[in-house]
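What follows is each chain in one-letter form.
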Amino acid sequence: SFLASQLAKIATLRRMIDASGREIALQVDGGVTVQTAPACLEAGADVLVAGTAVFGASDYAAAITALRGGR
């Protein structure tokens, strides 16, 4: 399950990564859905792992499109 309390940690990690000057992708895994993905991206995530949100859907392509914000 997604833990909203972790958004602050994602934001902290993003600031640390940015301050390091290194190109490091910040990945979030766990409870990523159409509802939680925008908050993860806003907090600074680069990569989202969405298992059940995609593979639990009847239409994988539509689920992926929805996760991408309709793109």
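Above: the structure in question.
Rules of the game
- Residues numbered from 1 in each chain as written.
- Predicted model: local features only at pLDDT ≥ 70, side-chain atom pairs only at ≥ 80, totals over all residues.
- Heavy atoms only, no water.
- Helix = DSSP H or I, 4+ residues; strand = E, 2+ residues; numbered from the N terminus.
- Buried < 20%, exposed > 50% of the residue type's maximum accessible area, 1.4 Å probe, protein only.
- Contact = heavy atoms within 4.5 Å.
- Areas by Shrake-Rupley, 256 points an atom, 1.4 Å probe, with all protein chains shown as cover.
- Lys, Arg positive; Asp, Glu negative; His and termini not counted.
- Charge placed at Lys NZ, Arg CZ, Asp CG, Glu CD.
- Phe/Tyr/Trp six-rings, centres within 6.5 Å; stacked < 30°, edge-to-face > 60°.
- Polar contact = N/O pair within 3.5 Å; in protein donor to acceptor, adjacent residues only side chain to side chain.
- Core = buried A, V, L, I, M, F, W, Y, C linked by side-chain atoms within 4.5 Å.
- Salt bridge = Lys/Arg side-chain N within 4 Å of Asp/Glu carboxyl O.

Caption draft 1: Looking closely at the overall build of the protein. Along the backbone of the protein there are four helices and two strands. In sequence order, the protein lays out its α and β elements as α-β-α-β-α-α. Counting across all 71 residues of the protein, residues that qualify as buried make up 24%. Sequence separation of 24 or more characterises 35% of the internal contacts of the protein that already satisfy a separation of 6 or more. Just so you have it, the protein exposes about 4900 Å², and 56% of that area is on carbon and sulfur atoms. Averaging the positions of the 6 positive and the 6 negative side-chain charges in the protein gives two centres separated by 5 Å.

Caption draft 2: Spotlight on the packing of aromatic side chains. Per the counting criterion, the structure on display carries one aromatic pair. When the ring of Phe55 is compared with that of Tyr60, the centres are 5.3 Å apart and the planes differ by 75°; the resulting orientation is edge-to-face. Exposure remark for Tyr60: the relative accessible area of 43% places this residue in the partly exposed category.

Caption draft 3: Spotlight on helix α4 (residues 60-67). Where α4 begins, the side chain of Asp59 points an oxygen toward the backbone nitrogen of Ala61, at a separation of 3.2 Å. Taken from the residues just after α4, Gly69 is the one with a positive phi, measuring 75°.

Caption draft 4: Layout of the nonpolar core. Grouped together as the largest cluster of nonpolar side chains are 12 residues: Ile10, Ile17, Leu26, Val28, Val32, Ala37, Cys40, Ala43, Ala45, Ala50, Val54 and Leu67. Only α1 (7-20) and α2 (37-43) provide two or more residues apiece to this core. Here this core gets three residues from one element, more than from any other, and that element is α2. In this view, Cys40 contacts Phe2, Leu7, Ile10, Val28, Ala45 and Leu48; residues no more than four positions away in its chain are not counted.

Caption draft 5: Region of interest: the pattern of salt bridges. What the rule picks out here adds up to two salt bridges. Taking the shortest distance from any N to any O, the salt bridge between Arg14 and Asp18 comes out at 3.0 Å. Highlighted residues: Arg14 and Asp18, both in helix α1, separated by four residues, approximately one helical turn. Among the residues examined, Arg14 registers a relative accessible area of 14% and is labelled buried. A single salt-bridge network, built from bridges that share partners, covers Arg14, Asp18 and Asp46.

Function cannot be inferred from these measures alone, as they are strictly geometric.
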